Amino acid sequence: MDSLANIEAFVRVAELGSITRAARSLHITASAASRRTAQLEGELCVLLFHRTTRALRLSDEGRAFLERCQRSLEELEAAKQSIAHARGIPEGRLCVEAPAVLGRLVLVPALPGFLAQHPRSHRAR
């Protein structure tokens with residue numbers, strides 16, 4: 001069981017208020033997001049959400065756990081960023097908005113060279 005992935009799924013579900021939206025943002029299936037949250041609840045032996053067919057609400061324990069998890073995930077991300085910056089290696093997802101013609105004529109032809117120079121920039125999460 002991957003506790004960090006389970007915690008990330010829990011935090012995203014809590015923040016977005018929906019397993020489906022959380023799954024979409026994590027690029028996983030809704031059943032995987034639901035399973036990760038359930039695994040975390042099993043590991044902790046506590047219900048983090050009150051679930052009905054129409055609603056998903058954090059339990060009191062879930063609310064307290066969420067606050068600590070958010071802080072911890074922010075710290076972890078900051079630590080990862082500081083290492084990447086210290087090494088001078090670009091990493092992560094790059095989103096670019098541009099007119100379609102610029103994308104076709106300039107950006108798309110430049111992608112193979114960019115990805116060859118920066119292999120960690122397109123690593124799947």
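Okay, so let's go over this structure. (Residues numbered from 1 in each chain as written. Predicted model: local features only at pLDDT ≥ 70, side-chain atom pairs only at ≥ 80, totals over all residues. Heavy atoms only, no water.)

1. Points about the overall build of the protein chain
- Within the protein chain, the secondary structure is distributed over five helices and two strands.
- Ordered by position from N to C terminus, the α and β elements of the protein chain give α-α-α-β-β-α-α.
- Put simply, of all contacts in the protein chain between residues at least 6 apart along the chain, 51% involve residues at least 24 apart.
- Put simply, the protein chain shows about 9,100 Å² of open surface, and 57% of that area lies on carbon and sulfur atoms. (Helix = DSSP H or I, 4+ residues; strand = E, 2+ residues; numbered from the N terminus. Contact = heavy atoms within 4.5 Å. Areas by Shrake-Rupley, 256 points an atom, 1.4 Å probe, with all protein chains shown as cover.)

2. Examining the side chain of Ser18
- Here Ser18 shows up in the loop between helix 1 (3-16) and helix 2 (19-26).
- In contact with Ser18, other than residues within four places in its own chain, are Val13 and Leu56.

3. Focus on helix 3 (residues 30-44)
- Relative to the 21 Å expected for 15 residues at 1.5 Å per residue, helix 3 spans 21 Å between its end C-alpha atoms, a close match to the ideal helical length.
- Among all positions in helix 3, only Ala32, Ala33, Thr37, Leu40 and Glu41 are buried.
- One or two positions beyond helix 3, positive phi appears at Cys45, with a value near 60 degrees. (Expected span 1.5 Å × (residues − 1). Buried < 20%, exposed > 50% of the residue type's maximum accessible area, 1.4 Å probe, protein only.)

4. Re the packing of aromatic side chains
- On inspection of all chains with the given rule, the structure shows two aromatic pairs.
- Here the aromatic rings of Phe10 and Phe65 are separated by 5.5 Å at their centres, their planes lie at 40 degrees, and the arrangement is tilted. One end of the pair, Phe10, is in helix 1; the other, Phe65, is in helix 4 (residues 60-87), with 55 residues separating them in the sequence.
- Residue Phe65 is classed as partly exposed on the basis of its relative accessible area of 22%. (Phe/Tyr/Trp six-rings, centres within 6.5 Å; stacked < 30°, edge-to-face > 60°.)

5. Comments concerning the pattern of salt bridges
- Under the defined criterion, the tally for this structure stands at three salt bridges.
- Taking the shortest distance from any N to any O, the salt bridge between Glu41 and Arg51 comes out at 3.1 Å. One end of the pair, Glu41, is in helix 3; the other, Arg51, is in strand 1 (residues 49-51), and ten residues separate them in sequence.
- Judged by its relative accessible area of 8%, Glu41 is buried.
- A relative accessible area of 39% means that Arg51 is categorised as partly exposed.
- Salt-bridge contacts for Asp60 lead to Arg63; the nearest nitrogen and oxygen are separated by 3.0 Å. Note that Asp60 and Arg63 are positioned in helix 4 at a spacing of three residues, about one turn of the helix.
- In this structure Arg63 comes out as partly exposed when scored by relative accessible area, which is 39%. (Salt bridge = Lys/Arg side-chain N within 4 Å of Asp/Glu carboxyl O.)

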